[in-house]
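# Observations on chain architecture
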Amino acid sequence: MSLAVHPLDALESALQAERRALLEHDVDALLRSTQAKLEALADAERTAGAEDMARVSELHELNRANAVLLARRRREVAWTLRHLGRSEASGVYNGAGYASAQTQSRWLGSG
């Protein structure tokens, strides 16, 4: 007999996995957890009711905390790339709200 997992439980599990992946710098786990998060979120959007709003708020805060960690990792990578003289793509959103990238490069002095 198989018990179905509540979509909010699946979302919480994915958010926790995402947090672990960010803290452990595990890119593969981050990609897997992000996919699981998106799938669980889609399920939760279809099934969550008014009685779930408190839990949705808690999960929103967990997702926000993960976003802060992700932004920190992104800044660390950008800083490292800049100091190595590599190009970096900085994510920006266009007028339609879609992500695009601008490439920046900096040449190291030679001497």
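What this report covers is the structure whose coordinates are included nearby. (Residues numbered from 1 in each chain as written. Predicted model: local features only at pLDDT ≥ 70, side-chain atom pairs only at ≥ 80, totals over all residues. Heavy atoms only, no water.)

## Some points on unusual backbone geometry
With a phi angle near 55°, His-25 is a residue other than glycine that sits in the positive phi range. By the element assignment, His-25 lies in the loop between helix H1 (7-24) and helix H2 (27-47). (Helix = DSSP H or I, 4+ residues; strand = E, 2+ residues; numbered from the N terminus.)

## Considerations on the pattern of salt bridges
In this structure the tally under the stated criterion is six salt bridges. The partner of Asp-9 in a salt bridge is Arg-55, and the shortest N-O contact between them spans 2.7 Å. Remark: Arg-55 occurs in helix H3 (residues 53-84) and Asp-9 occurs in helix H1; sequence separation between them is 46 residues. Residue Arg-55 is classed as partly exposed on the basis of its relative accessible area, which comes to 24%. Among the ionic pairs, Lys-37 bridges to Glu-18, the shortest N-O distance being 3.0 Å. One end of the pair, Lys-37, is in helix H2; the other, Glu-18, is in helix H1, and 19 residues separate them in sequence. Exposure class is identical for Lys-37 and Glu-18. Each is buried. Taken together, the shared-partner salt bridges connect Asp-9, Glu-12 and Arg-55 into one network. (Salt bridge = Lys/Arg side-chain N within 4 Å of Asp/Glu carboxyl O. Buried < 20%, exposed > 50% of the residue type's maximum accessible area, 1.4 Å probe, protein only.)

## Some thoughts on H2
Its 21 residues place the ends of H2 30 Å apart at the C-alpha level, agreeing with the 30 Å of an ideal helix rising 1.5 Å per residue. Where H2 is concerned, the buried positions are Ala-29, Ser-33, Lys-37, Ala-40 and Ala-44. Along the axis of H2, the buried positions cluster into a sector of 80°, meaning they face one direction only. Residues of H2 that are exposed and point over 90 degrees away from its buried face: Val-27, Asp-28, Leu-31, Arg-32, Glu-45 and Arg-46. The N-capping residue of H2, defined by a side-chain oxygen 3.3 Å from the backbone nitrogen of Asp-28, is Asp-26. (Expected span 1.5 Å × (residues − 1). Arc of directions from axis to C-beta. Polar contact = N/O pair within 3.5 Å; in protein donor to acceptor, adjacent residues only side chain to side chain.)

## Regarding the side chain of Arg-73
With respect to the helices, strands and loops of the structure, Arg-73 is situated in helix H3. With relative accessibility at 16%, the residue Arg-73 sits in the buried group. Other than its neighbours up to four places away in sequence, Arg-73 contacts Leu-22, Leu-23 and His-25. (Contact = heavy atoms within 4.5 Å.)

## So, the side chain of Lys-37
Look at Lys-37 and you get buried, because its relative accessible area is 15%. Beyond its immediate chain neighbours, meaning those up to four positions away, Lys-37 contacts Leu-11, Ala-14, Leu-15, Glu-18 and Asn-63.

## Some details on the packing of H1 against H2
Interaxial distance between H1 and H2 falls to 8 Å at its minimum, and their mutual angle equals 160°. Here H1 lies roughly antiparallel to H2, going by the angle between them. Along this stretch, H1 crosses H2, giving a crossing that reads as left-handed. Residues Pro-7, Leu-8, Ala-10, Leu-11, Ala-14, Leu-15, Ala-17, Glu-18, Ala-21 and Leu-22 of H1 lie in contact with H2, whose contacting residues are Ala-29, Leu-30, Ser-33, Thr-34, Ala-36, Lys-37, Ala-40, Leu-41, Asp-43, Ala-44 and Thr-47. Taken together, the residues of the contact of H1 with H2 sort by class into 15 nonpolar, three polar and three charged. (Axes fitted to C-alpha atoms, helices over the stretch in contact; angles between N-to-C directions. Parallel < 35°, antiparallel > 145°, perpendicular 65-115°, else oblique. Left-handed = near helix turned anticlockwise from the far one by under 90°. Nonpolar A, V, L, I, M, F, W, Y, C, P; charged D, E, K, R; others polar.)

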